[in-house]
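The primary structure of each chain is shown beneath.
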Amino acid sequence: MKLYPESQGVQVEAALAYAMIGDTAQARTMARELNQRYPLDTQVQSLWLPAIKAQTALNRRNAAEAAVQLQSALPPIEYGATPFIAQVSCLYPTYIRGQAYLAAGQGREAAAEFQKILDHSGVVWNCWTGALARLGVARANAVEMKASSGADADAVRVRALAAYKDFLTLWKDADPDIPILKQAKAEYATLQ
């Protein structure tokens, strides 16, 4: 992958980054350009554009649309199990799908998506999705706990606490002022 401004790799990751920071207009513009430049590129059409569109749907608080946008990014292409995929995907579509399920209050489904990332660390390598999938599992279990009762709720609470602890252990040396770390610590404290 060449790293200069007009390369496909830079363009797709920049478009996704714009979507993730909430600059929907820029993300959509770049997605349209990518679609025009790479109409037959399997990776662009089946992984990157769906991830960008799904993230912009999440930004509009439309979890259902986000999940629909990611249908083309399901296995086997999700894991790069195709001869067309040449670079690491970081499983962005999987992460965004997990976020969509969280936003929809579907804890069990969200946990399954984040667990896919943890189970495929060889695909993710050192991408941020691997670290944040741990927090995703914790949050998904917390959502599921709220929808459960009795012994089921207790079991899910224990899983949530373990997942939060796993995330916080991984981030033990991080700057304590990082907002996501502060949020995770507060969420963990409310479950104890």
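Residues numbered from 1 in each chain as written. Predicted model: local features only at pLDDT ≥ 70, side-chain atom pairs only at ≥ 80, totals over all residues. Heavy atoms only, no water.

*Asks:* Sorry if this is basic, but what is going on with the state of the cysteines here?
*Replies:* By definition, a disulfide links two cysteine residues through a covalent bond between their sulfur atoms. Tallied over the entire structure, the rule returns one disulfide. One disulfide in the model links Cys90 with Cys127; its S-S distance is 1.8 Å. One disulfide, between Cys90 and Cys127, carries an S-S torsion of -45° and so falls in the left-handed class. With Cys90 in the loop between helix H4 (63-69) and helix H5 (92-103) and Cys127 in the loop between helix H7 (121-124) and helix H8 (128-147), this pair connects stretches of sequence that are 37 residues apart. The same class applies to Cys90 and to Cys127, which are both buried. (Disulfide = S-S within 2.5 Å. Helix = DSSP H or I, 4+ residues; strand = E, 2+ residues; numbered from the N terminus. Buried < 20%, exposed > 50% of the residue type's maximum accessible area, 1.4 Å probe, protein only.)

*Asks:* Looking at this structure, how should I read helix H2 (residues 24-37)?
*Replies:* Helical geometry note: an α-helix holds 3.6 residues per turn, so side chains three or four residues apart project in the same direction. Under the 1.5 Å per step criterion, the end-to-end length of H2 is 20 Å for 14 residues, consistent within 8% with the ideal 20 Å. Among the residues of H2, those classed as buried are Thr24, Ala27, Met30, Ala31 and Leu34. One face of H2 carries all of its buried residues, which in axial projection span an arc of 130°. The exposed set on the far side of H2, more than 90 degrees from its buried face, consists of Ala25, Arg32 and Gln36. Of the surrounding secondary structure, the elements contacted by the buried residues of H2 are helix H1 (8-20) and helix H3 (42-59). (Expected span 1.5 Å × (residues − 1). Arc of directions from axis to C-beta. Contact = heavy atoms within 4.5 Å.)

*Asks:* Would you mind going over H8 with me for this structure?
*Replies:* With 20 residues, H8 should reach 28 Å at 1.5 Å per residue; the first-to-last C-alpha distance of 29 Å fits that figure. Burial of H8 is extensive: 14 of the 20 residues sit out of reach of the surface.

*Asks:* What am I meant to see in the nonpolar core here?
*Replies:* What tends to happen in soluble globular proteins is that the nonpolar side chains get buried as a cluster. Leu34, Ile52 and Phe167 are the most contacted members of the largest nonpolar core, which totals 56 residues. If one sorts the elements of this core by residue count, H3 sits on top with nine residues. Beyond its immediate chain neighbours, meaning those up to four positions away, Leu34 contacts Gln11, Val12, Ala15, Val44, Leu49 and Ile52. (Core = buried A, V, L, I, M, F, W, Y, C linked by side-chain atoms within 4.5 Å.)

*Asks:* It is not clear to me how the packing of H5 against helix H6 (residues 107-119) should be interpreted in this structure. Could you clarify?
*Replies:* In a packed pair of helices, the relevant descriptors are the angle between the two axes and the axis-to-axis distance. For the pair H5 and H6, the least separation of the axes is 8 Å and the interaxial angle reads 160°. Accordingly, the angle class assigned to the pair H5 and H6 is roughly antiparallel. The two elements H5 and H6 meet at a crossing, and its hand is left-handed. Contacts between H5 and H6 pair Thr94, Tyr95, Arg97, Gly98, Gln99, Tyr101 and Leu102 from the former with Glu109, Ala110, Glu113, Phe114, Lys116 and Ile117 from the latter. Considered class by class, the residues forming the contact of H5 with H6 number six nonpolar, three polar and four charged. (Axes fitted to C-alpha atoms, helices over the stretch in contact; angles between N-to-C directions. Parallel < 35°, antiparallel > 145°, perpendicular 65-115°, else oblique. Left-handed = near helix turned anticlockwise from the far one by under 90°. Nonpolar A, V, L, I, M, F, W, Y, C, P; charged D, E, K, R; others polar.)

These values are about where atoms sit, not about what they do.
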